[in-house]
Amino acid sequence: MGQDKAVLRHFVQDAIRLLRPVWPLVAVATALGSVGGLATAAALAKINEAFYGEGGLADGVLLVFAGFAALSVIGTFAASLGNAYAGGRIQAALSCDLTDKILTAPIERLERLGKHKLLASLQGDVSTIFTAIAFLSPIVVAGGTLIGCGTYMLILSPALSAVTATVLILESLGANILRRNMLRYFEDVRKNREATQKHYLTLTEAAKELRIGRERRLHLRNVALRDCIEQGRRLTTRIAVIQQSLSMLSQSTNFLLFAGLIAYKILAGISGAELSGFVLVLLYIQTPIAQLIHFVPLIGQAQVAYRRIAEFAEEGAEAEAGLLSARPPEPPRRIRAITLRGVSHGFPAADDRAPFTLGPIDLTIRAGEILFIVGENGSGKTTLIKLLLGLYPPQTGEILLDGVAVTAQTRDTYRQHFSAIFFDYHLFDELIPADGAGPESARPLLERLDLAGKVGIAEGRFSTTDLSTGQRKRLALVQAALEGRPVLVLDEWAAEQDPTFRRRFYEELLPDLRRSGRTLVVISHDDRYFDAADRVLHLAEGRVVRLTERASATAEPV
Ligand SMILES: Nc1ncnc2c1ncn2[C@@H]1O[C@H](COP(=O)(O)OP(=O)(O)OP(=O)(O)O)[C@@H](O)[C@H]1O
């Protein structure tokens, strides 16, 4: 409940923020739409007056009718145009907003949400919200029409209007029960979309494995995906049934009202003008009521979509401030030392997964050294480098750069001292060398890494990234080295290299990078090359168990 209130608060705040740049347009469009709706009611009144008015037609009734009709058409058209334009602006703002949310959300939160959820939001939620916003214009017109028609009915007969209003209120109460059910189904539809997205990712990313493994292929097709598709079909049908029930309720209500009119005429008597006016209005308001009924699921879907987008900022996972403000690139600064003082990070237990805590860790990385981080699978090496890189803020302790503590405000500047190649790295093809050097500065490195015959440079990009696994990793190293940052962090970089290149990496490339002023932090399982490091940090179950130093071959107490 509290969470729902928080989501609603975020939604209102976001809606106000998104509407702020276009509010004059939205206000004008809404006003025109309302005027159009009211003019429609007035035109109806004129029709009724022309047909049933007592004492013949007033002068110029046709002209007045034409005026109202024109106002109705123009008002509706202008409202649609205005809202379409404003809707487009809001959709663009929403897309940028979601991108910003992902760019600034805590990394751990993104890891927990998973790729499929992020894609489902990026691809589906924004357009769902936009569709609902785009439908606001007809709703404004429909609202104006209903208010105008209601006023006209009130003028015609207050007693009959009271009966009509009571019946319509009862109908909307019934409709609300259906609407609540529909909202529940929309939640399920959205969950189902995420599950389907996950299977689609498997479908595309595991094409090779699926071709080789018949069981997996058939399981994905006949069980996993089919379940999702079948569930989607069931939900769509249920939603359609509710939607049709809403239409049926509205239609029945209308017939009930007509029956009421007949009964009223028999019991209390009613003039021809009153009767025809009511009939005309009740028939006319069918369209705006149908639009409102159509709008109900759109609002429901938008609500669910918004809740999903709001999840990025959930659970106190505050967005990181200042990440999106452009700053002039700073020349890479030499560093003296990075100190981790009592730093720890824990992953809570979830489902069947046991909790894991890394640290507390005390470690000083000296400028210009080659530090290896080693340990068994799951000992916490990657978590340690994520802490070192400022991707996870320490849950306890602090990190100091040259003796100055890194804070939330300085964390992004701190990160700019690093280049990293993660185990699951992303290879960018654009070249952004440091110090304003041109893309051509990559050539010597391409030669050094035996890539010059495969990869060229054109228009500031590598000509291709379609390479073997080991070659792609070498290209990532070219990128990282070109960035010119003082610290280079490599997570099992050599894992995919052939024995010759692996030896060159440990015995030539690392010392060369160090000579060029780099500090190197390297995760490695290659124990035969551990002596390439100045120091080796051994991790086990999230704790530092040993720190060995090559020169003296002694182990520092930890
Ligand atoms: N995003 C995460 N959410 C929850 N638990 C995690 C997450 N990342 C890692 N862990 C857990 O933390 C522990 C350490 O993981 P980490 O990736 O740091 O190990 P590692 O030493 O790098 O292992 P490997 O040699 O296999 O790469 C593991 O038990 C893992 O299950």
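Remember, it's a predicted structure, so these values are computed and weren't measured experimentally.

### Examining the pairing of strand S10 (residues 519-523)
Then, number 1: With five of five residues buried, S10 lies mostly within the body of the structure.
Then, number 2: Of the two faces of S10, both are covered, the one formed by Thr519, Val521 and Ile523 as well as the one formed by Leu520 and Val522.
Then, number 3: Summarising the sheet, strand S3 (residues 370-375) and S10 pair through four bridges and their orientation is parallel. Counterpart to Leu371 in the pairing with S10 is Val521.
Then, number 4: Direction of pairing for strand S9 (residues 487-491) relative to S10: parallel, over a ladder of five bridges. When the sheet's bridge partners are listed, Leu488 is paired in S10 with Leu520.

### Description of unusual backbone geometry
Then, number 1: The backbone of Asp402 sits at a positive phi, close to 50 degrees, despite the residue not being glycine.
Then, number 2: Along the chain, the position of Asp402 falls in the loop between strand S4 (396-401) and strand S5 (404-405).
Then, number 3: If you check the backbone angles, Asp450 has positive phi at about 55 degrees while not being a glycine.
Then, number 4: For Asp450, the position within the fold is in the loop between helix H14 (443-448) and strand S7 (457-458).
Then, number 5: Judged by its relative accessible area of 44%, Asp450 falls in the partly exposed class.

### A short note on the pattern of salt bridges
Then, number 1: Taken as a whole and assessed by the stated rule, the structure comprises 22 salt bridges.
Then, number 2: Notably, a salt bridge pairs Asp125 with Arg190, separated by 2.7 Å at the nearest N-O pair. Of this pair, Asp125 sits in helix H5 (residues 115-134) while Arg190 sits in helix H7 (residues 158-205), and the two are 65 residues apart along the sequence.
Then, number 3: The exposure class assigned to Arg190 is buried, which follows from its relative accessible area of 2%.
Then, number 4: Its salt-bridge partner being Arg503, residue Glu507 comes within 3.1 Å of it at the nearest N-O pair. With a gap of four residues between them, Glu507 and Arg503 both fall in helix H16 (residues 499-515), about one helical turn apart.
Then, number 5: Take Arg503: its relative accessible area is 33%, and that puts it in the partly exposed class.
Then, number 6: Here the salt bridges share partners, and the residues they tie into one network are Arg448, Asp450, Arg503, Arg504, Glu507, Glu508, Asp512 and Arg515.

### As for the sheet that holds strand S1 (residues 337-347)
Two pairing modes exist for strands in a sheet, parallel and antiparallel, and in both the strands are linked by backbone hydrogen bonds.
Then, number 1: Within the open sheet, the four strands sit side by side as S2-S1-S4-S5. Their pairing is antiparallel. The open sheet has two edge strands with one neighbour each: strand S2 (356-366) and S5.
Then, number 2: Where S4 and S5 come together, two bridges link them in antiparallel fashion. Bridged to Leu400 within S5 is Ala405.
Then, number 3: Against the sheet, helix H12 (residues 381-388) touches S1, S2 and S4, its axis set at about 125 degrees to S1.

### Focus: the packing of aromatic side chains
Then, number 1: Per the stated rule, a full pass over the model turns up seven aromatic pairs.
Then, number 2: Taken together, a centroid distance of 5.8 Å and an interplanar angle of 80 degrees make the contact between Phe347 and Tyr392 edge-to-face. One end of the pair, Phe347, is in strand S1; the other, Tyr392, is in the loop between H12 and S4, with 45 residues separating them in the sequence.
Then, number 3: Aromatic pair Tyr414 and Phe418: ring centres 5.1 Å apart, planes at 70 degrees, arrangement edge-to-face.
Then, number 4: Here Tyr414 falls in the buried class, since its relative accessible area comes to 3%.
Then, number 5: Relative accessible area serves as the criterion here: at 4%, Phe418 is assigned to the buried category.
Then, number 6: Taken together, the ring pairs connect Phe372, Trp493, Phe505, Tyr506, Tyr529 and Phe530 into an aromatic cluster.
Then, number 7: For the cation-ring pair, Arg184 lies above Tyr185, with the distance from its terminal atom to the ring centre recorded as 5.2 Å.

### A closer look at the side chain of Ser250
Then, number 1: Inspection of the secondary structure assignment puts Ser250 in helix H9 (residues 214-268).
Then, number 2: Residue Ser250 is classed as buried on the basis of its relative accessible area, which comes to 8%.
Then, number 3: The residues contacting Ser250, other than those within four sequence positions of it, are Glu171, Ile289 and Ile293.

### Some remarks on the domain arrangement of the protein chain
Then, number 1: Once the domains are mapped, the protein chain shows domain 1 (8-313) and domain 2 (337-549).
Then, number 2: The gap between the C-alpha centroids of domain 1 and domain 2 is 52 Å.

### Remarks on the site of the ligand
Then, number 1: As a structural note, the neighbourhood of the ligand is formed by 14 residues, with Gly378, Gly380, Lys381, Thr382 and Thr383 the closest of them.
Then, number 2: At 2.7 Å, a side-chain N or O of Lys381 approaches an oxygen atom of the ligand.
Then, number 3: Interatomic distance of 3.4 Å between a side-chain N/O atom of His525 and an oxygen atom of the ligand.
Then, number 4: Contact with the protein chains removes 70% of the 640 Å² of surface that the ligand exposes when unbound.
Then, number 5: Looking at side-chain class alone, the shell around the ligand contains two nonpolar, seven polar and five charged residues.

### Brief notes about the nonpolar core
Then, number 1: In terms of nonpolar packing, the biggest core is built from 39 residues, with Phe372, Leu490 and Leu510 touching the most fellow members.
Then, number 2: Here the element with the most residues in this core is helix H15 (residues 469-482); it accounts for seven residues.
Then, number 3: Those residues in contact with Leu510, other than ones at most four positions away along the chain, are Ile370, Phe372, Leu490, Phe505, Leu520 and Val522.

### Considering the pairing of strand S11 (residues 535-540)
Then, number 1: For S11, the buried fraction is high: five of the six residues fall into the buried class.
Then, number 2: As judged from the six bridges shared by S11 and strand S12 (residues 543-549), these two strands associate in the antiparallel manner. Bridge assignment links Val536 to a residue of S12, and that residue is Thr548.
Then, number 3: A loop of two residues connects S11 with S12, the two strands running antiparallel in sequence, and Glu541 in this loop sits at a positive phi of about 50 degrees.

About the thresholds
Residues numbered from 1 in each chain as written. Predicted model: local features only at pLDDT ≥ 70, side-chain atom pairs only at ≥ 80, totals over all residues. Heavy atoms only, no water. Buried < 20%, exposed > 50% of the residue type's maximum accessible area, 1.4 Å probe, protein only. Helix = DSSP H or I, 4+ residues; strand = E, 2+ residues; numbered from the N terminus. Pairing = 2+ DSSP bridges. Salt bridge = Lys/Arg side-chain N within 4 Å of Asp/Glu carboxyl O. Contact = heavy atoms within 4.5 Å. Axes fitted to C-alpha atoms, helices over the stretch in contact; angles between N-to-C directions. Phe/Tyr/Trp six-rings, centres within 6.5 Å; stacked < 30°, edge-to-face > 60°. Lys NZ or Arg CZ within 6 Å of the ring centre and 35° of its normal. Domains from an automatic or database assignment. Near = heavy atom within 4 Å. Polar contact = N/O pair within 3.5 Å; in protein donor to acceptor, adjacent residues only side chain to side chain. Areas by Shrake-Rupley, 256 points an atom, 1.4 Å probe, with all protein chains shown as cover. Nonpolar A, V, L, I, M, F, W, Y, C, P; charged D, E, K, R; others polar. Core = buried A, V, L, I, M, F, W, Y, C linked by side-chain atoms within 4.5 Å.

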